[in-house]
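Commentary on secondary and tertiary structure
Listed below, chain by chain, are the residues.
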Amino acid sequence: MVAEPVGAGRGRKVLIVEDEESVRMTLRYNLAARGYVVLEAGTGTEGLELMRSRNPDLVVLDLMLPELSGEEVCRAIRAESDVPILMLTARGSETDKVNGLGLGADDYMTKPFGLKEFMARIEALLRRSERPQRTSAPSERIRVGGFVLDASSRRVLVDDNPVKMSPREFSLLFFLLSHPGRVHSRDAILRAVWGPDFNGDSKTVAVHIRWLREKFELFPSLPFRINTVFGVGYRVDIAPGIHLQR
Ligand code: CA
């Protein structure tokens, strides 16, 4: 019989991406003592690999890393996942930077920090992420100003004018609009819209995005844009003052 993990961690996986071995060791020791499973990476590249292969419940990410910076790792994770990220920074000025950049980290701590506070932050982040999501059932209808996407009839209307779409274009648009303001990598879009078994190139995504944009060029009143986030992927941005309704 396998022993039940004890303590607050309850076997949840925490990935620590930190090049300072002493910090990593202290965190590992304290997390493991509370029943967390600890995954460790000393570089950003390793961190991303573990992120993808082990699917942790939370990521502790140092900002100053060799090779890939914590900033880049954070962006790459956010393009693929909602996993809570606690950023570690060395100085006040770095903390300001993290705040200013809006990297998508959920919380940050300035080194050196107390372990008690660290554990409290980890537990708070996990509690927050484990609350049931309001959007668990995908909505059938998305309305943004004069734009309407209806999944049950697979129709798209802009100011009551129907816009013809292929099934793939429709699915891609539905996916992007389901997460407005969020950046999606080409690979993440491929997996979500084309499915995990699709063998094609991620350039396919770029081509379909271009087709969508071309269709919407006829509608200057369209209240959102599909923006390219250079080196990362795509994001739907809604015009200021307009709200998406489901
Ligand atoms: Ca560091």
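Above: the structure in question.
Residues numbered from 1 in each chain as written. Predicted model: local features only at pLDDT ≥ 70, side-chain atom pairs only at ≥ 80, totals over all residues. Heavy atoms only, no water.

**Remarks on the packing of aromatic side chains**
Using the criterion set out here, one finds five aromatic pairs in the structure. Seen from their ring centres, phenylalanine 113 and phenylalanine 118 are 5.6 Å apart, and the 15 degrees between their planes marks the pair as stacked. Ring geometry for phenylalanine 147 versus phenylalanine 224: centroids 4.8 Å apart, planes at 90 degrees, classification edge-to-face. Here phenylalanine 147, found in strand β7 (residues 147–150), pairs with phenylalanine 224, found in strand β11 (residues 224–229); they are 77 residues apart in sequence, far enough to count as distant. For the pair phenylalanine 147 and phenylalanine 224, one class covers both residues: buried. Of the aromatic side chains, those joined through ring pairs into one cluster are Phe147, Phe216 and Phe224. (Phe/Tyr/Trp six-rings, centres within 6.5 Å; stacked < 30°, edge-to-face > 60°. Helix = DSSP H or I, 4+ residues; strand = E, 2+ residues; numbered from the N terminus. Buried < 20%, exposed > 50% of the residue type's maximum accessible area, 1.4 Å probe, protein only.)

**Some thoughts on unusual backbone geometry**
Here the residue pair lysine 111 and proline 112 is connected by a cis peptide bond, since its omega of -5 degrees sits within 30 degrees of zero. Tracing the chain through its elements places proline 112 in the loop between β5 (107–110) and α5 (115–130). We note that arginine 154 has phi near 50 degrees; this positive angle belongs to a residue other than glycine. Under the relative-accessibility criterion, arginine 154 is labelled partly exposed at 45%. Positive phi outside glycine occurs at aspartate 160, with the angle close to 70 degrees. Within the fold, aspartate 160 resides in the loop between β8 (155–158) and β9 (161–162). According to the relative accessible area criterion, aspartate 160 is exposed, its value standing at 68%.

**Thoughts on the sheet that holds β7**
Ordered in space as β9-β8-β7-β6-β13, the five strands form an open sheet in which the pairing is antiparallel. Looking at strand neighbours, the two that pair on one side only are β9 and β13 (244–245), the edges of this open sheet. Strand direction decides the pairing type here: strand β6 (residues 141–144) and β13, joined by two bridges, are antiparallel. Paired with arginine 143 across the bridge in β13 is glutamine 245. Helix-sheet contacts for helix α6 (residues 167–178) involve β6, β7, β8 and β13, and the interaxial angle to β7 is about 115 degrees. (Pairing = 2+ DSSP bridges. Contact = heavy atoms within 4.5 Å. Axes fitted to C-alpha atoms, helices over the stretch in contact; angles between N-to-C directions.)

**Some remarks on the coordination of the calcium ion**
Summarising the metal site, the calcium ion is bound by the protein donors Asp19 (OD), Asp62 (OD) and Met64 (O), whose distances to it range over 2.1 to 2.3 Å. Taken in sequence order, the residues that donate to the calcium ion follow the motif D-x42-D-x1-M. With aspartate 19 in the loop between β1 (13–17) and α1 (21–33) and aspartate 62 in strand β3 (residues 58–62), this pair connects stretches of sequence that are 43 residues apart. On the basis of relative accessible area, aspartate 19 is assigned to the partly exposed category, the value being 35%. (Donors = N, O, S within 2.8 Å, 3.2 Å for Na, K, Ca; no water.)

**What about the sheet that holds strand β12 (residues 233–238)?**
Spatially, three strands are ordered β10-β12-β11 in an open sheet, and the strand pairing comes out antiparallel. The open sheet terminates on both sides in strands that have one partner only, identified here as β10 (184–185) and β11. Alignment of β11 against β12, held across six bridges, turns out to be antiparallel. Bridging across to β12, phenylalanine 224 finds its partner in isoleucine 238. Of the strands in this sheet, β10, β11 and β12 touch α6, which is tilted by about 85 degrees from β11. Strands β11 and β12 of the sheet are contacted by helix α8 (residues 203–216), whose axis makes an angle of about 150 degrees with β11.

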